[in-house]
Amino acid sequence: MGNYIRSNVSNPEKASAVSILRKIMTNNLAKEINLEGGKNKIAIRSLNIYKVFQGALQTAFPSSDLSDAEEALAKWLKDAKWRKQHPDVPPPASKSRAKFGARSGRGSGTPPGA
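So, a few notes on the structure that sits alongside this text. (Residues numbered from 1 in each chain as written. Predicted model: local features only at pLDDT ≥ 70, side-chain atom pairs only at ≥ 80, totals over all residues. Heavy atoms only, no water.)

1. Overview of the overall build of the protein chain
Looking only at helices and strands, one finds five helices and two strands in the protein chain. Relative to its full complement of 114 residues, the protein chain shows a buried share of 25%. In the protein chain, the proportion of contacts linking residues at least 24 apart, taken out of those at least 6 apart, comes to 58%. About 8,100 Å² of surface is accessible on the protein chain, with carbon and sulfur atoms providing 55% of the total. (Helix = DSSP H or I, 4+ residues; strand = E, 2+ residues; numbered from the N terminus. Buried < 20%, exposed > 50% of the residue type's maximum accessible area, 1.4 Å probe, protein only. Contact = heavy atoms within 4.5 Å. Areas by Shrake-Rupley, 256 points an atom, 1.4 Å probe, with all protein chains shown as cover.)

Printed below as a string of structure tokens:
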């Protein structure tokens, strides 16, 4: 699969970086993170997942300094608040009251038959 990605895109390092990010992080989480931790956000460089991200890319692109991947990471994190969730990642679990028999936000909130 890695060879397929590397050979069929114009910038395989960036494409691989984005592909990895879509698999390991939701957009809701990405909204709370940036590279350095400015603006009251979490610094991804301080997280172990950053080491995993770099390791995976360094394995695929051993002669690279990963500057293209770093650029892709920064842009991907920055754009998270405007992006719809990718279909590979399931949406967060719904906290719907409908499963307890409530309709249109009204009802007793007790499960049927209780």
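Additional details are given in the paragraphs that follow.
2. Notes on a nonpolar patch on the surface
A grouping of Ile-24, Ile-49 and Val-52 is seen on the molecular surface, where their side chains present a nonpolar patch of about 230 Å² in accessible area. For Ile-49, a relative accessible area of 33% translates into the label partly exposed. (Patch = residues over 30% accessible without salt bridge, like charges linked within 9 Å, V, L, I, M, F, W, Y side chains within 5 Å. Salt bridge = Lys/Arg side-chain N within 4 Å of Asp/Glu carboxyl O.)

3. So, the layout of surface pockets
Over the atoms, a rolled probe matching the size of one water molecule traces out where space is still vacant. The computed volume of the largest pocket comes to approximately 240 Å³. For the largest pocket, the full set of lining residues is Lys-31, Ile-33, Asn-34, Lys-39, Lys-41, Leu-77, Lys-78, Ala-80, Lys-81 and Trp-82. In terms of residue class, the lining of the largest pocket is built from four nonpolar, one polar and five charged. (1 Å grid on protein atoms, 1.4 Å probe; cavity = no way out; pocket = protein on both sides within 12 Å on 5 of 7 lines; lining within 4 Å. Points joined across faces, edges and corners; volume = space filled by probe spheres on them. Nonpolar A, V, L, I, M, F, W, Y, C, P; charged D, E, K, R; others polar.)

4. Structural notes on unusual backbone geometry
Phi angles above zero are rare outside glycine, and Asn-40 is one such case at about 60°. Here Asn-40 lies in the loop between strand 1 (33-34) and strand 2 (42-43). Judged by its relative accessible area of 82%, Asn-40 falls in the exposed class. Located in the positive-phi region is Leu-66, a residue other than glycine, with phi close to 65°. Note on placement: Leu-66 falls in the loop between helix 4 (48-60) and helix 5 (67-78).

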